[in-house]
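Residue-level listing of the chains:
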Amino acid sequence: MKDILDAIQSKDATSADFAALPIPESYRAITVHKDETEMFAGLETRDKDPRKSIHLDEVPVPELGPGEALVAVMASSVNYNSVWTSIFEPVSTFAFLERYGKLSPLTKRHDLPYHIIGSDLAGVVLRTGPGVNAWRPGDEVVAHCLSVELESPDGHDDTMLDPEQRIWGFETNFGGLAEIALVKTNQLMPKPKHLTWEEAAAPGLVNSTAYRQLVSRNGAAMKQGDNVLIWGASGGLGSYATQFALAGGANPICVVSSPQKAEICRAMGAEAIIDRNAEGYKFWKDEHTQDPKEWKRFGKRIRELTGGEDIDIVFEHPGRETFGASVYVTRKGGTITTCASTSGYMHEYDNRYLWMSLKRIIGSHFANYREAYEANRLIAKGKIHPTLSKTYSLEETGQAAYDVHRNLHQGKVGVLCLAPEEGLGVRDAEMRAKHIDAINRFRNV
Ligand SMILES: C/C=C/C(=O)SCCNC(=O)CCNC(=O)[C@H](O)C(C)(C)COP(=O)(O)OP(=O)(O)OC[C@H]1O[C@@H](n2cnc3c(N)ncnc32)[C@H](O)[C@@H]1OP(=O)(O)O
Ligand SMILES: NC(=O)C1=CN([C@@H]2O[C@H](COP(=O)(O)OP(=O)(O)OC[C@H]3O[C@@H](n4cnc5c(N)ncnc54)[C@H](OP(=O)(O)O)[C@@H]3O)[C@@H](O)[C@H]2O)C=CC1
């Protein structure tokens, strides 16, 4: 690994130098183990502890197939999907690896007794497989997490509709929380030059998802002036949704759970902020019964903040706990766009408020390559900024996942993989200097 790191850190290593570097036989990777999938049986979701199920193992380098690349990973980030994998909810991700493994002799490699997790990376291409023209060893890259086969016609209009669509490092093996990762080269995108490795690795998954869900015509197609209700506005997805709303001339109404998180939203430029804890909303009277009076109180507060207007677009992901309120506070003809159900996937809402007011619910999931590329381009141009608050070592990944599971974090948390320290990898210092306050916004809280 030392040769690889030296080449990455040297200013003058060429593509040929990278291509000549020997690939090690094994590398360090964050894994969960198939024989531990029952370890949390009987526990409440909240009590399942990722620190117990997440391991740091030495694993063999996988075989490189057509259209693929091996990437030296300098940094990665923790996404909530790694929390789901580590607590084996809502299903064990080994079920996905098994199904994928049955697809072809090549995908069989993924079906192993361990799952290398992680759906983000920033690093350097080491090797490309047969049939790859667009990327070369030595290229500095980030990877988005859409893995597709495209053997069916269904995926050729919008690749998210490919029947074999998978999330890399969640539904496939050899993910980004590791020193080396295996990706398809149509996951690769140029690393934004003004960012460090850990900053560049932070936005990928959530930024692309928020872009499709809110901005793309496959999602809510947000326009100037829209009132956008953003749950978890300083969290992983929400911190990018808030930036997209502000950059696109919309009016974000940010929901958070503490004064500190409200301050972060203010620092991003948002003005309308609701602290759901301080205002004490209780949308459920008990486990089975919602309280429409609380929906109404929430809607009244939104009207106070907007000068009497209702919500054009709800950016939904908490799910069961908030969905009834989200449908209620949306204006006539408005849109609820959802990509997740952190608090429970069996939603309940009063359908009269949906059909009588001609509202729409849109299901959204990650992003196609084009959408991910556009979202990354906005980062590279300094129009949208990473929201990295804290960086952990590879050894500390279990703790990082625990912090995200317990909602103790802000924005995104990063993980250093091969990078020996924070702050490395900046290639455009001038541009960085221009945006440094925005880049550090989540660090300073
Ligand atoms: C980028 C980051 C993203 C995130 O973080 S997202 C958050 C994390 N992700 C999740 O929480 C999602 C995890 N995934 C799941 O929970 C499951 O993955 C799904 C519920 C999404 C799907 O369930 P499943 O069992 O994997 O697939 P089925 O498509 O329901 O197939 C099961 C059987 O049901 C049959 N079936 C499907 N649709 C129909 C239908 N309309 N009518 C009749 N049968 C149907 C199939 O064919 C198959 O059958 P046969 O078992 O025989 O192969
Ligand atoms: N389908 C897809 O493509 C994607 C799906 N996801 C899913 O989206 C969800 C959120 O991901 P991410 O934003 O990265 O996670 P984070 O934990 O970083 O942020 C989510 C935020 O939502 C708020 N929140 C959590 N629970 C509730 C609740 N019960 N009621 C109201 N607000 C709540 C919290 O903010 P606060 O406490 O300040 O209110 C929290 O910080 C996860 O389930 C994840 O798996 C994520 C990315 C892509």
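Basis of the calculations
- Residues numbered from 1 in each chain as written.
- Chains lettered and ligands numbered in written order.
- Predicted model: local features only at pLDDT ≥ 70, side-chain atom pairs only at ≥ 80, totals over all residues.
- Heavy atoms only, no water.
- Salt bridge = Lys/Arg side-chain N within 4 Å of Asp/Glu carboxyl O.
- Helix = DSSP H or I, 4+ residues; strand = E, 2+ residues; numbered from the N terminus.
- Buried < 20%, exposed > 50% of the residue type's maximum accessible area, 1.4 Å probe, protein only.
- Polar contact = N/O pair within 3.5 Å; in protein donor to acceptor, adjacent residues only side chain to side chain.
- Contact = heavy atoms within 4.5 Å.
- Pairing = 2+ DSSP bridges.
- Axes fitted to C-alpha atoms, helices over the stretch in contact; angles between N-to-C directions.
- Near = heavy atom within 4 Å.
- Areas by Shrake-Rupley, 256 points an atom, 1.4 Å probe, with all protein chains shown as cover.
- Nonpolar A, V, L, I, M, F, W, Y, C, P; charged D, E, K, R; others polar.

(A) Here's a closer look at the pattern of salt bridges. This structure, assessed with the given rule, holds 24 salt bridges. With a shortest N-O distance of 2.6 Å, Asp-158 and Arg-212 are connected by a salt bridge. Separated by 54 residues along the polypeptide, Asp-158 in the loop between strand 7 (146-147) and strand 8 (166-167) and Arg-212 in helix 7 (residues 204-215) bring together distant segments of the chain. Take Asp-158 and Arg-212: they sit in the same class, and that class is buried. Salt-bridge contacts for Arg-212 lead to Glu-371; the nearest nitrogen and oxygen are separated by 2.9 Å. Remark: Glu-371 occurs in helix 13 (residues 369-380) and Arg-212 occurs in helix 7; sequence separation between them is 159 residues. The two residues Arg-212 and Glu-371 agree in class, both being buried. Overlapping salt bridges bring together Arg-28, Glu-179 and Glu-395 as one network.

(B) Structural view of the side chain of Thr-31. Structurally, Thr-31 is set in strand 1 (residues 26-33). Under the relative-accessibility criterion, Thr-31 is labelled buried at 0%. Side-chain polar atoms of Thr-31 contact the side chain of Asp-57, separated by 2.6 Å. When near neighbours in sequence (up to four residues on either side) are disregarded, Thr-31 contacts Ser-53, Ile-54, His-55, Asp-57, Val-59, Tyr-114, His-115 and Ile-116.

(C) Representation of the sheet that holds strand 4 (residues 114-116). Strand order in this open sheet of three strands is 2-1-4, and the pairing throughout is antiparallel. The open sheet is flanked by strand 2 (55-60) and strand 4, the only strands paired with a single partner. In this sheet, neighbouring strand axes are inclined to one another by 60° on average, regardless of whether the strands run parallel or antiparallel. With three bridges joining them, strand 1 and strand 4 adopt antiparallel strand pairing. Among the inter-strand pairings, Thr-31 is bridged to a residue of strand 4, identified as Ile-116. Contacts from helix 5 (residues 94-101) reach strand 1 and strand 4, with the element oriented near 90° to strand 4.

(D) Just the site of ligand 1, in detail. The environment of ligand 1 is made up of Asn-81, Trp-84, Pro-90, Phe-96, Arg-99, Ile-167, Phe-170, Leu-205 and His-365. One of the side-chain nitrogen or oxygen atoms of Arg-99 is found 3.0 Å away from an oxygen atom of ligand 1. With the chains in place, 34% of the 1100 Å² that ligand 1 exposes on its own is no longer accessible. Where the shell around ligand 1 is concerned, the elements lending two or more residues are helix 4 (80-86) and helix 5. Looking at the shell around ligand 1 residue by residue, the class counts come to six nonpolar, two polar and one charged.

So yeah, pure geometry; function would need other evidence.
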